[in-house]
Every structure is written in C-alpha cells, then in structure tokens.
Amino acid sequence: MRSTTRREALFLDRDGVINVDKNYVGRIEEFAFIPGIFELCHAAQTVGLLPIVVTNQAGIGRGYYTEQDFRTLTEWMLGEFHARGISIGRVYHCPYHPTEGIGEYRRESADRKPNPGMILRAKDDFGLDLAQSVLVGDKDTDVDAGRAAGVGYNIKLLHDAKAKGSPNGLEFDSLHAIGDWLSRTFGRPAPG
C-alpha cells in the first residue's frame, strides 16, 4: 500500500535521460531533449510522483562551463517543462570531481553519484518516501545511487539494445516505455 502522508518522487538524471548526452552540455545551444521526456513527466505527475533532477555536473569542476552557465541552462530547461504543464520539484547538481576537478572542485563529495547525497537531500527537503519512489538514469552510477539511498524502483534507460541484461534491475529502451510502466505500476483505480 502506498503512503498517504509522504510524497513519492521520480528522480531523473539529466544528461542521457532529459537531454542527449553530448559530453558536458553546459549551454542552451548544445541542449536537445530526448523524445518522450515530457510524456514521462506527465505520466509521473498523473500518478502523484514529483519529478526531481539529480545530476553530476563535473563539466563545471573541469572548467568546461561555469556555475552561471549551468544556472542559465537550468532556468531555460525548467521553463520548457513549465510551458508543457510540468513542475520539476528541484534540480540538484554536483559540480565536483575527485581527480579531474580544478581548484575547489577537485574533491570527493557525498553528492556525486554513485553516492546518494543528492537523493537524500531531496528526501529531507520534500519529505519523500524513497521506498515508493522511482529513479531513472542511463548509467550504472545513477542506479547505484538510487539503491544506496533506498529508492524502491531504479530504472536504467538503455541507449543501446545490446546493453540489456543487468540481472538486478529494471531496464527499458525508451522513455515512452518507462512512462507506460509508471502508469501501470503506480496507476490508481478510478474513483467511484
């Protein structure tokens, strides 16, 4: 039975789930939405899941783009979601990298996936029931972070059909398929 006192979330990685991963996307002109992301978020909202973004952004730490570039891109991205009736709860990001970061950005961080820090902060910020929440990522580090945080459903989006075969998890080859799964798994019976 699902909790009625706590909220559930749909945690989304950014690069490779929301947008095409072109290696360190830090500017609007480099950003391209992956087909199905808006429909997936609509499906999540329909079944009561709050979309939240959790993203490693080592491009900041490596000096490829700035925190301000990231904020500008994020505000634009959130506007695109909002224009389609989608409310993203928050965007959490980790700019640090333990070996490739420059200056203050060269360090370990509890927020850098596969560590669960960003997810655990969201849990505290929004009062989330992680056991009834869903994470969608396209890398093992995303799924590992979800598992470490206690997220109940950790989904890997496969960009290559040959990559199938993880013995421990849910895998789909499109965001549309994940949206269908969400609707089936979390759909609530019609009132009456």
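Only a predicted model underlies this, so the values are computations on that prediction, with no experimental measurement involved.

A closer look at the environment of P95
Structurally, P95 is set in the loop between strand 3 (91–94) and helix 4 (117–126). Put simply, P95 and E67 are 28 residues apart on the chain and 8.2 Å apart in space, counted from C-alpha to C-alpha. For P95, the contacting residues outside a window of four places in its chain are Q57, A58, I60, G61, E67 and Y105.

Notes on the packing of aromatic side chains
Tallied over the entire structure, the rule returns 12 aromatic pairs. Aromatic pair F31 and F33: ring centres 4.9 Å apart, planes at 75°, arrangement edge-to-face. Taking the relative accessible area as the measure of exposure, F31 reaches 8% and is therefore buried. Considering the side-chain rings of F31 and W76, the 5.5 Å spacing of their centres and the 80° angle between planes classify their relative orientation as edge-to-face.

Digging into helix 3 (residues 67–83)
In an α-helix, one full turn covers 3.6 residues, which means residues spaced three or four apart are oriented alike. End to end, helix 3 covers 24 Å across 17 residues, agreeing with the expected 24 Å (1.5 Å per residue, within 8%). Where helix 3 is concerned, the buried positions are F70, L73, T74, M77 and F81. Looking straight down helix 3, one finds its buried side chains confined to an arc of 105°; they lie on one side. Every exposed residue of helix 3 that faces more than 90 degrees away from the buried side is listed here: E75, H82 and A83.

The rules behind the values
Residues numbered from 1 in each chain as written. Predicted model: local features only at pLDDT ≥ 70, side-chain atom pairs only at ≥ 80, totals over all residues. Heavy atoms only, no water. Helix = DSSP H or I, 4+ residues; strand = E, 2+ residues; numbered from the N terminus. Contact = heavy atoms within 4.5 Å. Phe/Tyr/Trp six-rings, centres within 6.5 Å; stacked < 30°, edge-to-face > 60°. Buried < 20%, exposed > 50% of the residue type's maximum accessible area, 1.4 Å probe, protein only. Expected span 1.5 Å × (residues − 1). Arc of directions from axis to C-beta.

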